[in-house]
Amino acid sequence: MTRKAVAVRREEIVLAALDQVRVRGIAGVRAADVAKALDVSTALIFYHFGTLEALIIEAFRQAAERNLAVLRGELTRGGPAGARLRAVLALYGPTEPAAGWPLWIEAGAAAMRDAELRDVLQRLDLRWRDAVISLITEGVAAREFRCSDPHGAAWRLTALLDGLAVQFVAREGTVTADDCARWVGQALAHELGVTEPAPAAEGR
């Protein structure tokens, strides 16, 4: 195979693995499931990734990188810090049907037993929180926000979204998208002196 063909095949395997995780959960995925979805041999899966664990970690790493690319786009598009902060919090939140939170909740549970997967998820998590800290700091400097502790405010806002994500995704019916939008808006008002309600979150 050419180098390009290898890269294409690896990408196909990674995407198929993510689909299987969404359907079966990490604990339920087998290399045979991924191979069957692609109509290839199980041996080909192991040829490219060595172990199922390595495939799962690579799949989540790539998913994380795609999330971070979207985040970078929001950070660099310009405009008031407040508008970009709301966009980042919307991307982080859980309420869009196409949101990635079911995948990340599944990964978070598995990461408690897998140090490599935990490292991937922690790096993603810290990048999101660092982005929120940066935007809050920028907004304070521009007098858009009133906040004496951007670091603490960022962690409290993202921790709120983490908790809402678990309720919204894993405990269906406990909170609504409107609840999430209203509570995030209230948190922004409390933390930053922002009075306008936040939009419903789209989800990372």
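Before any of the text, the structure's been laid out above.
One structure accompanies this document, and this report is about it. (Residues numbered from 1 in each chain as written. Predicted model: local features only at pLDDT ≥ 70, side-chain atom pairs only at ≥ 80, totals over all residues. Heavy atoms only, no water.)

On to helix H3 (residues 42-49). Every buried residue belonging to H3 is among Leu44, Ile45, His48 and Phe49, and all of these are buried. Buried residues of H3, viewed axially, fall in a sector of 110 degrees; they line one side. The exposed set on the far side of H3, more than 90 degrees from its buried face, consists of Ala43 and Tyr47. Where H3 terminates, the next one or two residues include Gly50, which has phi positive at roughly 80 degrees. (Buried < 20%, exposed > 50% of the residue type's maximum accessible area, 1.4 Å probe, protein only. Helix = DSSP H or I, 4+ residues; strand = E, 2+ residues; numbered from the N terminus. Arc of directions from axis to C-beta.)

Summed over the entire model, instances satisfying the criterion amount to two aromatic pairs. Seen in terms of ring centroids, Tyr92 and Trp128 are 5.6 Å apart; in terms of plane orientation they differ by 75 degrees. Their pairing is edge-to-face. Note that Tyr92 is positioned in helix H5 (residues 81-92) and Trp128 in helix H7 (residues 115-141), a separation of 36 residues in sequence. With relative accessibility at 2%, the residue Trp128 sits in the buried group. Taking the ring centre of Trp155 as reference, the NZ or CZ of Arg129 above it sits at 4.5 Å. (Phe/Tyr/Trp six-rings, centres within 6.5 Å; stacked < 30°, edge-to-face > 60°. Lys NZ or Arg CZ within 6 Å of the ring centre and 35° of its normal.)

Right, let's talk about unusual backbone geometry for a bit. Although it is not a glycine, Asp39 sits at a positive phi angle of roughly 60 degrees. The phi dihedral of Arg143 falls on the positive side, at around 65 degrees, and the residue is not glycine. Following the sequence through the fold, Arg143 ends up in the loop between H7 and helix H8 (150-170).

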